[in-house]
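# Coordinate analysis (summary)
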Amino acid sequence: MKKALLVALREYVENLRTKTFWIGIAFLPIILILSVVVPKLLSDVKDVRTYAVLDRSGWLLDEVDRRSAMPDLAAVYREVIELGPDSERAVELFPTEIRENVRVFLENTREFDEGKRDEMLDQAMGLLTSEKVAGIDPSALPEPQRKIFAAIAEYRERVNAWYRSLAPEEAARFGASLDRGRFTRASFPDATEEDLAKKLAAGEIFAYFVVGEDVVSNNEGSHYVSNNRTDEELRQWFTRYATQAIRERRFEERQIARADVEYIQAPVVFSREEISKTGERQSVGDQDVARAWAPVFFVYFLWISIFSIAQMLLTNTIEEKSNRIIEVLLSSISPVQLMSGKIAGIAFTGLTIVSSWILVMFLGIKFVLPDEHRCSFDLGHQGGTRSS
Amino acid sequence: MTSDTDDSLRIEGVTKRFGSFTAVSDFSMRVARGTVCGFLGQNGAGKTTTIRMVMSILYPDEGRITVLGSSRAEAVKDRLGYLPEEKGLYKKMRARELLAYFGRLKGLTRGEARQRAKSLLERYGLGEFMDSRCEALSKGMGQKVQVLGALIHEPELVILDEPFSGLDPVNVELMREIILDMKRDGRTVIFSTHVMEQAEQICDSIVLIHKGVKRLDGPLAEIKTGGVRGIRLDYDGDGALLRGIPGLARLNDAGKSAELFLEEGADPQAALEYLVGRVRIRRFDLREPSLHEIFVRTVGAPS
């Protein structure tokens, strides 16, 4: 046993000295960096894309503006809530005339869990950006929600005005992922399409949209013009909100009630349940699912690590066999001790690689991903807010 | 005749087959404690196979091997030292680290192993390469490190398979010194070799194996005494003239020196008279046959 451990220790130390080991260690972080950090960096260095809209329909542009504001405002309010002890400082980033609204929201959502809070946020942002929020009767809501909705109704105009006037560089202080920080609409009230084409050619704008007169019925006269053939983000973003608005008009046109639409579109949901050891049905939460997947991920990591270190095992064994060190070893220990030691050494190496990967993933989730997926406030710029 | 307890190694009627090929056939030998035994034979004679069986790397199909009084070599592995025929080291390991590792595998403590590795390397002129990686050592230095690896645990029986192969004259001398040191320390040494001069100078006894069968076995002095006496000649001149020596039965000519064997009844004085005036004689010595001659006579001319 002692001799097998000596062999294992030597194998482990030798493997640690190989390039293959360090390449194996660096493999996952490099993939993480390539897949997460690089796109984020590329996205951060992209210029704000200024666009113009020639709206011949007379209504679609307002709808797109309203609808596109919702996710941004929801992200900003959510971040204020989730900042916890720093929430009060974050509130100071807002202009004075809407701070009270943010505070009401903050104070009345603390007691809810994340799922409920998100649901309330979606409803509240709908109300904030539109008077037509179907299916919600604020007077029928319980106390905390009613307070929020009342405050939102009161502050709707001011919040909308603030958001619409928010400059891209100012939006960036609320987080790089806000649409407002990526796309900004330039207003040219009396411009013709020829004027917009000239501005595009002169580089004043990144792209322009022309919305056809009868955009609800057909696509005639609707087009997107840009000299950048590869960057599709703006076109897709605008199209998403425009499609939502047009679909709603079409439902109205055919006199299909919103409730009917929601009824038809509602997916079938099979709640997740399982039978416990005592024979009872019980619900399965996301954490339970994650726990069930954990061994699979561990085995997957182990599998990758075994494959990456199999090369080392092969190289070592070939070396020992070809230069007859194996004979010297077998003159000191038994073949069973030799092989068990080698396998243990390789296993320790694999576990080291897997552990380092798990550590890197943990650090990545803790320090990298939050910045990527949530809006992050720049609390160092307090007091610099602009009143509109 | 030696008793069992006086033998470091005793092989009795051992046979080893690889498929239909018999590598070693009914082979027996004894090596007394504290002696140096030369294990001689041509390439493919069965030397390495026999050594591997002694080291329990291979197992005999028939017969019995007793090493240091034990019928199981595994039980006495820590008292054995072994240098295989093909020398190799872990390239990335440092010389001292490697020796200490071999020592620990032989049961030494970490401290003992490191200390002995250091003193051995210093004693045999490798002190300054103690922390060099094995891949940076020359072939001779690497071979020395491997020999020291076989000695670090101060074994009672050391088996060296072709220890002189590939060494330059200086390192051959050093290797001979190492073997004689082991003998002086009372260890038993068995080494296989093709270099008859080395075996002749170092060995107390020899065993000659040919095509898996033992052909000669015994103390070197007895073997040489029992052989046909020959003439050792050192000369300058045309070696072709040596073939005209009257009564010449056999000639081993190395260019500047030669070994002559005369037919039974032939007069060495007549041979000397023939040579005078034909070549310049530096030495003319009637003596026992060399081990080389014994080897060649025993196994026959190489095919």
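So, a few notes on the structure that sits alongside this text. Please read all numbers here as calculations on a predicted model, not as lab measurements.

## What about the interface of chain B and chain A?
Listed as interface residues are 18 residues of chain B and, on the opposing side, 15 residues of chain A. Breaking the side of chain B that touches chain A down by element, the ones donating at least two residues are strand 5 (80-83) and helix 2 (95-105) of chain B. For the side of chain B that touches chain A, the element with the highest residue contribution is helix 2 of chain B, accounting for 4 residues. Residue composition of the side of chain B that touches chain A, by class: 10 nonpolar, 2 polar and 6 charged.

## Description of the sheet that holds strand 1 (residues 49-55) of chain A
What links the strands of a sheet is backbone hydrogen bonding, and the strands pair in either a parallel or an antiparallel sense. Residues and elements named next belong to chain A. Ordered in space as 2-1-3-4, the 4 strands form an open sheet in which the pairing is mixed. The open sheet is flanked by strand 2 (183-185) and strand 4 (223-226), the only strands paired with a single partner. Going from strand to strand, the sheet's axes swing by 25 degrees on average, the running direction of each strand aside. The strands touched by helix 9 (residues 193-201) are strand 1, strand 3 (207-211) and strand 4; relative to strand 3, the strand with the most contacts, the crossing angle is about 165 degrees.

## Concerning the nonpolar core
Membership of the largest hydrophobic core comes to 73 residues, with the highest contact counts inside it found for Val54(B), Leu98(B), Leu99(B) and Ile159(B). Take this core: its biggest share by element is 7 residues, from helix 2 of chain B. Each residue touching Ile159(B), except ones within four places of it in the same chain, is listed here: Ile51(B), Val54(B), Met55(B), Tyr82(B) and Ile190(B). Judged by nonpolar contacts, the second largest core, of 29 residues, contains Ala124(A), Ile152(A), Tyr163(A) and Phe174(A).

## With respect to the sheet that holds strand 3 (residues 36-40) of chain B
All names here are of chain B. Within the open sheet, the 6 strands sit side by side as 5-6-7-3-8-9. Their pairing is mixed. The open sheet has two edge strands with one neighbour each: strand 5 and strand 9 (213-219). Between one strand and the next, the sheet's axes are offset by a mean angle of 15 degrees, whatever the strand orientation. Relative to strand 7 (residues 188-193), strand 3 runs parallel, the two being bridged by 5 bridges. Each bridged residue has a counterpart across the sheet, and for Phe-39 the counterpart in strand 7 is Ser-192.

## Brief notes about the environment of Asp61(B)
Residues and elements named next belong to chain B. For Asp-61, the location among the structural elements is in the loop between helix 1 (47-54) and strand 4 (62-67). Residue classification places Asp-61 among the partly exposed positions, given that 14 C-beta atoms sit within 10 Å. Contact partners of Asp-61, with chain neighbours within four places excluded, come to Thr-15, Lys-16 and Arg-17.

Parameters at a glance
Residues numbered from 1 in each chain as written. Chains lettered and ligands numbered in written order. Predicted model: local features only at pLDDT ≥ 70, side-chain atom pairs only at ≥ 80, totals over all residues. Contact = placed C-beta atoms within 7 Å. Helix = DSSP H or I, 4+ residues; strand = E, 2+ residues; numbered from the N terminus. Nonpolar A, V, L, I, M, F, W, Y, C, P; charged D, E, K, R; others polar. Pairing = 2+ DSSP bridges. Axes fitted to C-alpha atoms, helices over the stretch in contact; angles between N-to-C directions. Core = buried A, V, L, I, M, F, W, Y, C linked by C-beta atoms within 7 Å. Buried ≥ 20, exposed ≤ 12 C-beta atoms within 10 Å, placed from the backbone.

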